[in-house]
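Residue strings, one per chain:
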Amino acid sequence: MPANLTPDYLEAEAKFKQAKTTEEKIRALEIMMAVIPKHKGTEKIRAQLKSRMAKLKEELQRKPTIGKVEQAFYIKKEGTAQILLLGLPNTGKSTLFSKMTNAFSEVADYPFTTQKPIPGMMKFENLQIQLVDTPPIQLDHVEPGYSNLLRNADALLLVVDLTEDPIFQMEILLEVLKEMRIRVGGRGAAPSLEVGWAYLKAILLGNKCDFKNAMARYRAFEAQFKETFPILPISAKEGMNVEELKREVYQILGIIRVYTKAPGGDPDLSEPVVLKRGSTVEDVALSIHKDFLKKLRYARIWGSGKFDGQMVKRDYPLSEGDVIELHI
Ligand SMILES: Nc1nc2c(ncn2[C@@H]2O[C@H](COP(=O)(O)OP(=O)(O)OP(=O)(O)O)[C@@H](O)[C@H]2O)c(=O)[nH]1
Ligand SMILES: [Mg+2]
């Protein structure tokens, strides 16, 4: 007897396959068990789901619970991407964070104000991007959980204070990152890495550029690092260059936004489909549903095509802002 699995079920199954932690797997599996059609044809699958669930629950029990500090250093991703603010004490990370997001993080004129990571959402055009404020980096002490926090992020904002030597601060940051086996860059392709190393894209920010002499220090800093990183002078306090920074963040993520529409209809420009740069029509179909991908015959495209409504094949590479009509 055929199982006739429903789209609901297949979606939950896709989530299960993507799940990284045991908790996430259990959550997805619960949904699969709840929505699977209960008839003779699915009997075997239901039994498999049950035994899989039992194994996962056992696994959860066996796992040593992670420490409180590590828990505080795990920030669940929300929105299009997760960007971490990183820097030495008192460089203005929390000021910038509060300026750019809907959230609040305490600001003070003494160092070590921020003690644990704090997430907030930053709006950029029709996207919501998550920013995370972090406790300051120190040379001699890295909090447990810090390395994982970084590795889980999509990009970093490295904040230096232009009232002090910015090149020296950057050298310390790079040293601490190196100890965590994290390489950073921003321009050009990702380097090949040794086992155990991670690569993260980063934007360098020279903050407090409103101070006297700050721009002279910024220029030396820029000259040293601009080949490797996107780099900007900002004033978190006065909001200088904050809009440019948002655009740089979007650029560094390496994503494009496209919009789908139904034949005869209009696209919803407030609901972008976010894809990696270089994605094709097939990736859009897959983002809707894997069945959609199977059934897809062709698409019509407005934007990067030679003319509006041009018919394109499944492997057509998309550009930022394209509007797509999928035909099955
Ligand atoms: N003039 C000026 N002052 C700033 C700017 N950004 C931050 N400050 C000041 O610098 C001090 C430190 O700012 P915070 O935002 O708390 O710095 P932080 O990097 O979060 O500090 P920690 O959490 O201790 O690492 C505060 O007194 C801020 O008002 C800026 O762009 N211009
Ligand atoms: Mg802070």
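A few points on the structure. (Residues numbered from 1 in each chain as written. Chains lettered and ligands numbered in written order. Predicted model: local features only at pLDDT ≥ 70, side-chain atom pairs only at ≥ 80, totals over all residues. Heavy atoms only, no water.)

### Looking at the pattern of salt bridges
Part 1: Considering all chains together, one arrives at 11 salt bridges under this definition.
Part 2: Across the pair E11 and K15 runs a salt bridge whose closest N-O atoms are separated by 3.8 Å. Of the two residues, E11 and K15 are both situated in helix α1 (residues 7-18); the distance of four residues between them amounts to about one turn of the helix.
Part 3: Assessed through its relative accessible area of 42%, E11 is described here as partly exposed.
Part 4: For K15, a relative accessible area of 51% corresponds to the exposed category.
Part 5: Salt bridges here are not isolated pairs; linked through shared partners, they connect E125, R257 and E320. (Salt bridge = Lys/Arg side-chain N within 4 Å of Asp/Glu carboxyl O. Helix = DSSP H or I, 4+ residues; strand = E, 2+ residues; numbered from the N terminus. Buried < 20%, exposed > 50% of the residue type's maximum accessible area, 1.4 Å probe, protein only.)

### Some thoughts on the site of ligand 1
Part 1: If you check the shell around ligand 1, you find 23 residues, and the closest are K93, T95, F112, T114 and D210.
Part 2: In the environment of ligand 1, an oxygen atom lies 3.2 Å from a nitrogen or oxygen atom belonging to the backbone of A108.
Part 3: When the free accessible area of ligand 1 is taken as 650 Å², the share hidden by the protein chains comes to 92%.
Part 4: Per element, the largest residue contribution to the shell around ligand 1 is three residues, and it comes from helix α5 (residues 93-100).
Part 5: Of the residues assigned to the shell around ligand 1, the class counts are nine nonpolar, nine polar and five charged. (Near = heavy atom within 4 Å. Polar contact = N/O pair within 3.5 Å; in protein donor to acceptor, adjacent residues only side chain to side chain. Areas by Shrake-Rupley, 256 points an atom, 1.4 Å probe, with all protein chains shown as cover. Nonpolar A, V, L, I, M, F, W, Y, C, P; charged D, E, K, R; others polar.)

### Focus: the coordination of the magnesium ion (ligand 2)
Part 1: For the magnesium ion (ligand 2), the full set of protein donor atoms is S94 (OG) and T114 (OG1), at a range of 1.9 to 2.1 Å. Here S94 is found in helix α5, whereas its partner T114 is found in the loop between α5 and β2 (118-124), with 20 residues between them in sequence. Here S94 matches T114 in class, with each residue buried. (Donors = N, O, S within 2.8 Å, 3.2 Å for Na, K, Ca; no water.)

### Regarding the packing of aromatic side chains
Geometrically, a pair of aromatic rings is defined through the distance of the ring centres and the angle of the planes.
Part 1: Counted under the stated rule, the structure contains five aromatic pairs.
Part 2: An angle of 70° between the planes, with centres 6.4 Å apart, marks the rings of Y218 and F221 as edge-to-face. Linking Y218 with F221, this pair stays in helix α8 (residues 214-225), spanning three residues, or about one helical turn.
Part 3: By relative accessible area, Y218 is classed as buried at 3%.
Part 4: Taken together, the ring pairs connect Y218, F221, F225 and F229 into an aromatic cluster.
Part 5: Positioned above the aromatic ring of Y250 is the side chain of R257, whose terminal nitrogen or guanidinium carbon lies 4.4 Å from the ring centre.
Part 6: Sitting over the face of the ring of W302, K261 holds its NZ or CZ atom 4.6 Å from the ring centroid. (Phe/Tyr/Trp six-rings, centres within 6.5 Å; stacked < 30°, edge-to-face > 60°. Lys NZ or Arg CZ within 6 Å of the ring centre and 35° of its normal.)

### Some words on the packing of α1 against helix α2 (residues 22-35)
Part 1: The interhelical angle for the contact between α1 and α2, taken along N-to-C directions, is 165°, at an axis separation of 8 Å. It follows from the interaxial angle that α1 and α2 lie roughly antiparallel. Between α1 and α2 lies a crossing of left-handed hand. Within the contact between the two elements, α1 uses D8, Y9, A12, E13, K15 and F16 and α2 uses K25, A28, L29, I31, M32 and V35.
Part 2: Taken together, the residues of the contact of α1 with α2 sort by class into eight nonpolar, no polar and four charged. (Axes fitted to C-alpha atoms, helices over the stretch in contact; angles between N-to-C directions. Parallel < 35°, antiparallel > 145°, perpendicular 65-115°, else oblique. Left-handed = near helix turned anticlockwise from the far one by under 90°. Contact = heavy atoms within 4.5 Å.)

### Overview of the side chain of T42
Part 1: For T42, the position within the fold is in the loop between α2 and α3 (43-62).
Part 2: The residues contacting T42, other than those within four sequence positions of it, are A3, L5, I36 and P37.

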